[in-house]
Amino acid sequence: MTSVFLELKVDDALLKRAKNGQTAAFGTLYDMFSRPIYNLAYRMVQNREVAEEVLQETFVDVMRKLGGFRGDAPFGAWVRRIAINRTLMYLRSAWNRYSQPMEGGALEAAYDARQSHSGDHHTVVDIDTALGKLTEVPRTVVWLHDVEGYTHQEIGELMGKSASFSKSQLARAYKRLRELTDSSRESGTCMHQ
C-alpha cells in the first residue's frame, strides 16, 4: 500500500519559496498535507481534538525545520515522519500513558474477516467499530505496520521500545480484533434471525 504522503508531489520551486518565508507557499504545503496528517493522527489516537493538535504541531515543526530539509528523501516522507513523531509524542505523554489500559486489535484480522465475508456489508462496519474500540498503542502499532509499512524494528525505535514489543503488540492486536469481529458478527446474526 502506497502512503498518501508519498503520492503528493511537491515542486522544488514551491519548497524554495516556503523556505524563503513566503506565506502563500507555506499555505499551499499546508493545504496539500493537512488532511493526510490529520487522518494519520486520528487513525492512531481516535480523538478529533488530539488529531487537530497533532496537525497544528506538525506544521509548526515543518515550518521551523524546513530550512534543514535537504531533499535526501521525498518531502512527503519527511512530513510523514514528523507527523508520526508528533503523534508518538502524544502517546508517550505521562497523562496519556496512565489514562488507558493496554489491549489490542488489528487490520490483518480485519482483512481476514473481509475475505471470508466479502459480500457482507455488516462485516466492514463491524471492523471499523472494532478498530474504534482499541486503545492507542496497539492501534498505532497496527497503523504503522499494516498501513504505513514500517518494520517492527522501525516501530520499536519510533516508540522507544524493542522490535519484540512491536511484534507482541501486533500479535495481541490481531487476536483481539478477531474476537471483536467474531462476537460482533455473531450478535448481528442473532439479531437478524
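**Things to note about the overall build of the protein chain**
Looking only at helices and strands, the protein chain has 11 helices and zero strands in total. Traced from its N-terminal end to its C-terminal end, the protein chain shows the element sequence α-α-α-α-α-α-α-α-α-α-α. Counting only contacts in the protein chain whose residues sit at least 6 apart along the sequence, the fraction spanning at least 24 positions is 70%. On the protein chain, roughly 10700 Å² of surface is accessible, and the fraction owed to carbon and sulfur atoms is 52%.

**Observations regarding the confidence of the model for the protein chain**
In low-pLDDT segments, the atomic positions of the prediction should not be examined closely. Mean pLDDT over the protein chain: 77, with 73% of residues reaching 70 or higher. Below pLDDT 50 for its whole length, residues 98-125 participates in 60 contacts with residues either more than four positions away or in separate chains. Note on residues 189-193: pLDDT under 50 across the span, and one contact to partners over four residues away in sequence or across chains.

**So, helix H3 (residues 23-45)**
When the local axis directions of H3 are compared, the greatest deviation, roughly 45 degrees, occurs at Phe33, which is followed within four positions by the proline Pro36. Restricting attention to buried positions, one finds in H3 the residues Ala25, Phe26, Leu29, Phe33, Ser34, Pro36, Ile37, Tyr38, Leu40, Ala41, Met44 and Val45. Packed against the buried residues of H3 are helix H1 (4-7), helix H2 (12-19), helix H4 (48-65), helix H5 (75-92) and helix H9 (136-147). At the C-terminal side of H3, Gln46 shows a positive phi close to 55 degrees.

**A look at unusual backbone geometry**
Despite not being glycine, Gln46 has its phi angle at roughly 55 degrees, a positive value. Mapping Gln46 onto the fold places it in the loop between H3 and H4. Gln46 sits in the partly exposed class, given a relative accessible area of 28%.

**Some thoughts on the packing of H3 against H5**
The contact between H3 and H5 brings their axes to 10 Å, and the two run at 40 degrees. Taken together, H3 and H5 sit at an angle that is classed as oblique. Crossing geometry of H3 relative to H5 is assigned as right-handed. Between H3 and H5, the contacting residues are Leu29, Phe33, Ile37, Leu40, Ala41, Met44 and Val45 on the first element and Phe75, Gly76, Val79, Ala83, Ile84, Thr87, Leu88, Tyr90 and Leu91 on the second.

What counts as what
- Residues numbered from 1 in each chain as written.
- Predicted model: local features only at pLDDT ≥ 70, side-chain atom pairs only at ≥ 80, totals over all residues.
- Heavy atoms only, no water.
- Helix = DSSP H or I, 4+ residues; strand = E, 2+ residues; numbered from the N terminus.
- Contact = heavy atoms within 4.5 Å.
- Areas by Shrake-Rupley, 256 points an atom, 1.4 Å probe, with all protein chains shown as cover.
- pLDDT = per-residue confidence, 0-100.
- Bend = angle between axes of the 7 residues up to and from the residue.
- Buried < 20%, exposed > 50% of the residue type's maximum accessible area, 1.4 Å probe, protein only.
- Axes fitted to C-alpha atoms, helices over the stretch in contact; angles between N-to-C directions.
- Parallel < 35°, antiparallel > 145°, perpendicular 65-115°, else oblique.
- Left-handed = near helix turned anticlockwise from the far one by under 90°.

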